[in-house]
Each structure stands twice: as C-alpha cells, then as structure tokens.
Amino acid sequence: MAENSSIIAVFGLMINANFKPMIRPIMPALSQPSALITLFENTATNGSGAAAGLRDRLCAALRQAINSGALAGGERLPSSRILACDLKLSRVTVEAAYAQAEAEGYLQRHTGKGTFVSQSLPRAPSSRNSKVIPPGLAGLSARGEKIVATGGCRDPQSPVAFAAGSPDLRAFPLKIWKQITARQLRTQGERLLGYGDPQGYLPLREVLASYLQQSRGVICSAEHILITTSSQQALQLLAMLLIDPADRVWVEQPGYPGARNAFASAGADICAIAVDEQGMAPEADSPVPRLMYLTPSHHYPTGVSLSLSRRLHLLEYAKRHNSWIIEDDYDSELHYDGRPLPAMQGLDKHQRVIYVGTFSKVLFPSLRLAYAVLPPALVAPMVMMRTVNDGHSSQLMQAVTAEFMQAGHFASHLRLSRQLYHSRRDHLLAQIKQKIEWLTPQVAAGGLQLAARLPAGQEPHFSALAAQAGVETPRLSPLFTASAGVVTQHQDGWLLGFSALTPAEITAAVNRLASLQVPVI
C-alpha cells in the first residue's frame with residue numbers, strides 16, 4: 001500500500017479510498033494502535049528522531065511502548081497491514097520494523113497467530129507503584145496540601161480480622177435486593193437513568209424521615225433531608241459551607257479522623273476536647289468554637305454515650321455562642337445492650353444541630369448513600385453546594401433503597417444484624433478474656449468494633465507482631481489529635497472489628513494473637 005493512500009475511518013472500519021474497501025478487524029486492545037500512533041508521531045518532533053527513517057522511528061516507538069509498560073508482555077500487536085493503515089506507512093516499512101524489534105528481542109512472531117510482545121522481558125513498573133511526587137513539587141494549592149497532609153480516609157476492602165467498620169455482606173438479603181432492582185428498572189425505566197433531584201429522591205427522603213422520627217426521635221420532614229454519597233461527603237460539604245480558615249472546631253479526643261480531616265482541609269483550627277465516661281467534657285476555658293463535632297450515641301472509638309446533662313449543656317452552649325453542632329449518628333441502629341438515648345437533634349429547640357447518618361454500616365458500603373437532616377436555614381445552601389460538588393446520588397440506588405425500606409425489608413435486616421453482631425461481639429469478648437491476658441477490651445453497648453487497651457508504650461511493637469501473624473489490628477493512637485506545642489497523651493490499644501467475621505474466624509484470629517511472643521510486662 002502506498003504511503004500517501006487516503007485512509008478514512010468509518011464507524012470503526014478503516015476504508016482505503018484508493019482501493020477496494022477493506023474491513024479492519026477488531027483488535028483485543030483498541031488502545032494499542034492509538035498508543036503507537038502517538039509515540040510514532042512524537043519521534044518526529046524530538047531532537048534525534050527528526051532525521052530518522054520511518055522504520056527507525058517505528059522501532060523507537062515500539063521500544064518505548066514496551067519499556068514503559070504501555071504494551072505488556074504477551075500482548076498481541078496489530079497486523080502489519082492494519083498498523084500500516086493506522087500510521088499511513090507502507091506495509092514493507094512496518095514489516096521491517098517488526099523484524100528489527102523481533103531481532104532485538106522485543107517481539108515474538110508466530111505464523112498464523114500474529115505478532116506479540118515478548119514475555120521474557122522484565123516487567124515494566126505499573127503507574128500504581130510509581131514514585132509519588134511530593135505535594136510541593138506537584139504545584140498544589142495551600143488547601144490541596146492540607147488535604148494531602150491529612151492522609152485521607154480509606155476503608156477496608158475485604159472483611160479481614162480485625163479490620164474495623166464493615167458489616168457482614170454475607171448476611172445481606174441480596175436476592176430481595178436484586179428483585180427490587182429489577183422491578184424498579186421495569187416500572188420506572190429511563191426515568192431512573194437520568195439526572196435527579198440534588199436534594200435526593202423524594203420517596204427515599206419521605207420514608208427516611210418517618211424512620212428517623214420513629215427510631216431515633218429526630219424532628220424532621222422530607223424537606224429537611226439531603227441525600228449524600230457518604231457521611232464523609234456530608235462532613236466535607238458542611239465544612240466548606242460553615243467554616244472559614246482559622247475558625248475553631250471542637251472534635252472529640254480521641255475521635256473519628258475523617259471528621260478531623262474534613263475540618264482541617266477547610267482550614268479550621270482543630271481543638272481536641274477530652275472524652276470521659278460521660279462523653280465530651282469541655283473545660284471552662286476551652287475556646288469558643290464555630291462548630292462542634294460529636295458522636296453522642298456511640299462515641300468513636302470508645303463506645304461511651306454522651307450523658308443527658310452534657311447534651312443539654314452543649315445545646316445551651318451552642319445557642320449562647322451561635323455555634324453549630326454536627327451529630328454523627330453513624331451506627332446507632334446497631335445497639336445491643338438496652339436502648340440507645342434518642343438523637344441529640346430531638347432535644348434541639350434552636351435549630352443548631354445537624355444530624356448525619358449513613359446506610360453503609362447497616363446495608364452495604366458500595367451503596368454510597370448517606371444523609372443529613374438540616375436546620376431549615378441550611379437546606380437551600382447545602383443543596384446548592386451539592387449541585388456544584390457531584391450533583392446527586394444514583395437515582396436507581398435511591399429508588400431501590402426506598403422500596404427496601406417501605407416493604408419492611410430494612411427493619412427485618414436490621415433485626416437480624418443486631419442479633420448477629422451482638423453474638424459476635426460477645427464471642428470476641430469471651431475469646432479475649434480466655435486467651436489474651438495483655439489485652440483489655442472496653443465493652444461497648446453497640447457498633448461494629450470495640451476498643452481494647454494494650455500495655456502502655458507497646459502499641460507499635462504489638463501491632464508489628466500481629467501483622468507478622470497475619471492479623472490486622474487498627475491502632476488507637478492515630479485517633480488522637482495532636483496539638484501544636486502540646487505533648488499528646490494517647491492511649492495504646494487497638495480498634496477490633498468483629499461484625500464481618502464468623503465465630504470461627506474470630507476464634508482463629510484470637511488464637512494467632514494469643515500465640516504472639518510478647519514481652520512480659
């Protein structure tokens with residue numbers, strides 16, 4: 001084929017305008033020709049490639065694609081005829097380049113099968129493992145550097161012992177969920193595939209308002225609820241909306257790092273307030289905050305509940321100083337010993353409390369649905385914030401969740417989960433008591449994990465030993481907020497997730513911990 005032949009792309013077919021139509025076979029990896037085209041063209045603009053022949057330029061492009069990992073070992077290349085069409089070269093030139101690359105060991109050619117990248121070459125490093133450019137070199141903004149400095153928020157992707165915060169997906173009624181999903185697609189079809197209300201799917205907000213009123217004593221209607229992708233997104237939106245740089249924010253000490261990260265990334269001055277057996281305990285001289293972040297029903301990570309007297313005191317304090325309170329009720333549905341105190345929001349008479357919850361802990365994490373119950377004055381601003389963030393959550397998943405709740409499946413699954421996780425918590429406590437003298441669990445009334453104390457100063461060493469034994473033991477020390485110029489007094493320990501593990505898996509993991517060669521304390 002002449003190098004000046006006219007090649008026209010028509011709906012995935014390469015048509016030679018000068019000769020009879022030729023159908024271009026579909027290759028396994030459509031990115032291969034485009035990658036080679038780009039590299040081939042680049043060789044014409046760099047210093048030495050300008051004067052190089054066409055064959056040498058194509059050889060250089062092949063070497064670069066293979067050495068960079070763009071073409072992996074064993075990957076099939078386009079035939080010489082197709083690559084010649086893509087690059088507007090003669091087939092003779094491409095054949096010569098393929099022969100040269102084969103002679104150099106980059107390619108292997110098999111008659112009747114095709115041309116392949118040699119599998120004997122060293123594997124190129126993937127982009128995942130490539131060196132990360134430090135924030136200062138990447139040209140980030142000051143806010144961007146603060147966000148990167150928080151370390152981010154990452155959740156476990158599989159139920160390993162003792163990763164914290166995951167429900168047992170094996171107990172989820174997947175068959176019912178599939179049936180509802182199919183019914184929603186059948187009855188609503190295209191409507192659920194389009195853009196949705198940024199405040200959230202109305203039927204979901206309606207059934208959620210009814211549930212929160214009955215189960216948690218939250219004072220709300222569908223008009224007060226904003227559906228978000230996650231509780232972390234709700235915290236990030238609230239931080240952007242309510243906090244200016246250097247505004248003071250109270251967080252619990254220890255506390256949930258995701259909230260701390262959200263506020264720090266907004267430039268807040270983080271004030272860690274100690275938590276005792278009655279919850280957050282601010283001192284008389286604690287600086288007045290713009291916002292307070294609390295987990296009053298089940299403190300993260302100790303599990304204590306904020307007492308009624310403290311709740312009333314903080315509500316009055318917020319009213320007096322015009323402060324906001326974010327109540328993160330992340331897992332109050334999973335209460336095992338008695339009934340939890342009603343939501344703090346239900347006691348608020350002055351519209352200062354923002355109530356945040358999530359479906360990730362009671363349904364499944366990849367559902368990506370959470371919610372915020374907002375004071376009336378914040379509804380319109382938060383909806384506007386959502387429109388400039390990511391628009392709205394999945395219409396289909398919201399519709400399925402609404403029907404799942406309306407039909408009573410949510411309540412049934414919640415009852416089963418409480419029974420299941422209650423028994424697993426008790427099993428973990430019994431196993432630790434029987435087998436591990438150096439670990440002291442703190443009994444929590446609910447949740448998906450429990451805190452356990454280690455001997456003072458031993459957290460790094462014991463955690464390393466556990467990792468060597470194949471047991472994941474999330475550490476308590478990162479949950480303590482460091483203050484500038486102040487030595488942070490943290491508690492050595494672990495946060496042990498139990499909800500996603502069967503009794504046999506819990507026993508096996510405890511046995512591995514019990515076998516650790518720990519020093520005598």
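Starting from 1, residues in each chain are numbered consecutively following that chain's sequence as written. Note on the predicted model: pLDDT of at least 70 is required for a residue's local features to be given, and 80 or more for side-chain atom pairs to be given and counted; whole-chain, interface and lining totals, by contrast, use all residues. Each side-chain value is worked out from all heavy atoms of the structure, with water and hydrogens disregarded.

A word on the packing of helix 7 (residues 202–216) against helix 12 (residues 395–406). Following both chains from N to C, one finds helix 7 and helix 12 inclined at 40 degrees, their axes separated by 8 Å at the closest point. If you check the angle between helix 7 and helix 12, you find them oblique. Crossing geometry of helix 7 relative to helix 12 is assigned as left-handed. Residues Pro203, Leu204, Val207, Leu208 and Tyr211 of helix 7 pack against Gln398, Thr401, Ala402, Met405 and Gln406 of helix 12. Side-chain classes are defined by residue name, with Ala, Val, Leu, Ile, Met, Phe, Trp, Tyr, Cys and Pro counting as nonpolar, Asp, Glu, Lys and Arg as charged, and the others, Gly among them, as polar. Considered class by class, the residues forming the contact of helix 7 with helix 12 number seven nonpolar, three polar and no charged. Between the N-to-C directions of two axes lies an angle of 0 to 180 degrees, each axis being a line fitted to C-alpha atoms and, for a helix, fitted only over the stretch in contact. Working definition: helices are DSSP H or I runs of at least four residues, strands are E runs of at least two. Numbering for both runs from the N terminus. Roughly parallel means an angle under 35 degrees; roughly antiparallel means over 145; roughly perpendicular covers 65 to 115; every other angle is labelled oblique. The handedness criterion is simple: a crossing whose near helix is rotated anticlockwise from the far helix by less than a right angle is left-handed, and one whose near helix is rotated clockwise is right-handed. Any two residues whose heavy atoms approach within 4.5 Å are treated as being in contact.

A word on the nonpolar core. Within the largest apolar cluster, 62 residues are counted, with the highest numbers of intra-cluster contacts made by Phe162 and Phe359. Top contributing element to this core by residue count: helix 12, with seven residues. Apart from the residues lying within four places of it in its own chain, the contact partners of Phe162 are Leu428, Val471, Glu472, Pro474, Leu495, Leu496, Gly497, Leu501, Ile506, Ala509, Val510 and Leu513. In this description, a nonpolar core means a group of buried Ala, Val, Leu, Ile, Met, Phe, Trp, Tyr and Cys residues linked to one another through side-chain atoms lying within 4.5 Å. Using a 1.4 Å probe on the protein chains alone, a residue whose accessible area is under 20% of its type maximum counts as buried, one over 50% counts as exposed, and one in between counts as partly exposed. Residues Val249, Ala259, Trp324 and Ala372 belong to the second largest nonpolar core, which totals 29 residues.

To continue, consider the packing of aromatic side chains. Here the aromatic set is Phe, Tyr and Trp, taking the six-membered ring for Trp, and pairing holds for ring centres within 6.5 Å; pairs whose planes are under 30 degrees apart are stacked, those over 60 apart are edge-to-face, and all others are tilted. Enumeration according to the criterion identifies 14 aromatic pairs in this entry. Aromatic side chains Tyr211 and Phe410 sit 5.3 Å apart centroid to centroid with 85 degrees between the ring planes, which places their arrangement in the edge-to-face category. Of the two residues, Tyr211 is situated in helix 7 and Phe410 in helix 13 (residues 409–435); the sequence distance between them amounts to 199 residues. The buried category is assigned to Tyr211, whose relative accessible area is 14%. Arranged with centres 5.5 Å apart and planes meeting at 65 degrees, the rings of Phe359 and Tyr371 form a pair that is edge-to-face. Residue Phe359 is found in the loop between strand 11 (353–358) and strand 12 (370–373), and its partner Tyr371 is found in strand 12; the two are separated by twelve residues along the sequence.

Turning to the packing of helix 8 (residues 231–242) against helix 9 (residues 257–265), a few remarks are in order. Their axes nearest at 9 Å, the elements helix 8 and helix 9 cross at an angle of 30 degrees. Taken together, the axes of helix 8 and helix 9 are roughly parallel relative to one another. Crossing hand, helix 8 versus helix 9: right-handed. Judged by residue contacts, Gln232, Leu235, Gln236 and Ala239 of helix 8 engage Gly258, Ala259, Ala262, Phe263 and Ser265 from helix 9. Here the residues of the contact of helix 8 with helix 9 sort into five nonpolar, four polar and no charged.

To continue, consider the pairing of strand 9 (residues 291–294). Side chains Leu291 and Tyr293 project from strand 9 onto one buried face, and the interleaved Met292 and Leu294 project onto a second face that is buried too. Two strands pair if DSSP finds at least two bridges between them. Alignment of strand 6 (residues 248–253) against strand 9, held across two bridges, turns out to be parallel. Following the sheet pairing, Val249 is matched in strand 9 by Leu291. Direction of pairing for strand 9 relative to strand 10 (residues 324–328): parallel, over a ladder of four bridges. Residue pairing in the sheet places Tyr293 in a bridge with Ile326 of strand 10. Viewed with both strands pointing away, a crossover whose connecting path from the first strand over the helix to the second turns clockwise is right-handed. You can see the chain leave strand 9, run along helix 10 (residues 308–321) and come back into strand 10, and the turn it takes is right-handed.

Along the chain, Gln233 falls in helix 8. Of the residues examined, Gln233 reaches a relative accessible area of 11% and is grouped as buried. It is 9.5 Å that separates the C-alpha atoms of Gln233 and Tyr371, two residues lying 138 residues apart in sequence. Residues contacting Gln233, with those up to four places away along its chain left out, are Thr228, Arg386, Asn389 and Asp390. Whenever a nitrogen or oxygen atom comes within 3.5 Å of another N or O atom, the pair is scored as a polar contact, on the condition that within protein one atom can donate a hydrogen and the other can accept it, and that pairs from neighbouring residues in sequence are kept only if both atoms are in side chains. A distance of 3.1 Å separates a polar atom in the side chain of Gln233 from a polar atom in the side chain of Asp390.

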